[in-house]
Amino acid sequence: MPKGVKGKGGKNRRRGKNDGDEKRELIFKEDGQEYAQVLRMLGNGRLEAQCIDGVKRLCHIRGKMRKKVWVNTGDIVLLGLRDYQDEKADVILKYLADEARSLKAYGELPDSIRVNETDTFEEERDENDDFFDFDDVDAI
């Protein structure tokens, strides 16, 4: 690099800022599409997903989403089904947590699906949970 010339930033500057604050329109499934929940990430842009129709499919993340939208296990996604391969599909869209909750409210997703694990800890508390009471330490 020539003397006295400083760079203006790296790869992240060229990528641009991602201001995803705006509300986007909720997209429902059409013919040839299915909702699914990600079971596990396989690497190389592939994942295994459990579809709403009960079939476990090997899915491929499309190139437009690959390094822009990060898909994790437990996420709700919209899949494009293949006519020639029933056990494979393509990830078209990843739903945000509030979008997945509204899909559940509309009846598109069954009640058995958990949208995200962070909300469910309060429900799992049982009456038989052990709590320590430190008031009776005087007996020692």
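Parameters at a glance
- Residues numbered from 1 in each chain as written.
- Predicted model: local features only at pLDDT ≥ 70, side-chain atom pairs only at ≥ 80, totals over all residues.
- Heavy atoms only, no water.
- Core = buried A, V, L, I, M, F, W, Y, C linked by side-chain atoms within 4.5 Å.
- Buried < 20%, exposed > 50% of the residue type's maximum accessible area, 1.4 Å probe, protein only.
- Helix = DSSP H or I, 4+ residues; strand = E, 2+ residues; numbered from the N terminus.
- Contact = heavy atoms within 4.5 Å.
- Salt bridge = Lys/Arg side-chain N within 4 Å of Asp/Glu carboxyl O.
- Pairing = 2+ DSSP bridges.
- Axes fitted to C-alpha atoms, helices over the stretch in contact; angles between N-to-C directions.

Another aspect to go through is the nonpolar core. If you look at soluble globular proteins, the nonpolar side chains tend to sit buried side by side. Ranked by size, the top nonpolar core spans 13 residues in total, and within it Leu47, Cys59, Val71, Val77, Leu79 and Val91 carry the most contacts. Secondary-structure elements contributing two or more residues to this core are strand E1 (33-43), strand E2 (46-51), strand E3 (56-61), strand E4 (76-81) and strand E5 (88-94). Per-element tally for this core: the top contributor is E2, with three residues. Excluding residues within four positions of it along the chain, Val91 makes contact with Leu47, Cys59, His60, Ile61, Arg62, Met65, Val77, Leu78 and Leu79. Tyr35, Tyr95, Leu103 and Val115 belong to the second-largest nonpolar core, a separate cluster that totals 11 residues.

Below, the discussion takes up the pattern of salt bridges. Counting across every chain of the model gives eight salt bridges. Between Arg57 and Asp53 there is a salt bridge, with its nearest N and O atoms 3.4 Å apart. On the basis of relative accessible area, Arg57 is assigned to the buried category, the value being 2%. What makes Asp53 partly exposed here is its relative accessible area of 41%. Between Asp90 and Arg82 there is a salt bridge, and its shortest N-O distance comes to 2.9 Å. In this structure Asp90 comes out as partly exposed when scored by relative accessible area, which is 26%. Each of Arg40, Glu48 and Lys56 takes part in a single network of salt bridges with overlapping partners.

Moving on, we get to unusual backbone geometry. Positioned with a positive phi, Asn44 is a non-glycine residue whose angle comes to about 60°. Here Asn44 falls in the exposed class, since its relative accessible area comes to 62%.

Moving on to the sheet that holds E1. Pairing within the closed barrel is mixed, and its five strands lie in the order E1-E2-E3-E5-E4. Taking each pair of neighbouring strands and ignoring which way they run, the sheet shows an average axis angle of 50°. Bridge count for E4 against E5 is five bridges, and the pairing is antiparallel. Its bridge partner being in E5, Leu81 is matched across the sheet by Ala89.

This part covers the pairing of E2. Judged from the six bridges that link them, E1 and E2 form a sheet pairing that is antiparallel. Note that in E2 the partner of Met41 across the bridge is Leu47. Hairpin connection of E1 to E2: two residues between the antiparallel strands, including Asn44 at a positive phi of 60°. As paired elements, E2 and E3 share five bridges and run antiparallel to each other. When the bridges of E3 are listed, Arg46 appears paired with His60. Counting the residues in the hairpin turn of E2 and E3 gives four residues, including Gly54, whose phi is positive at 95°.

In short, geometric facts, not functional conclusions.
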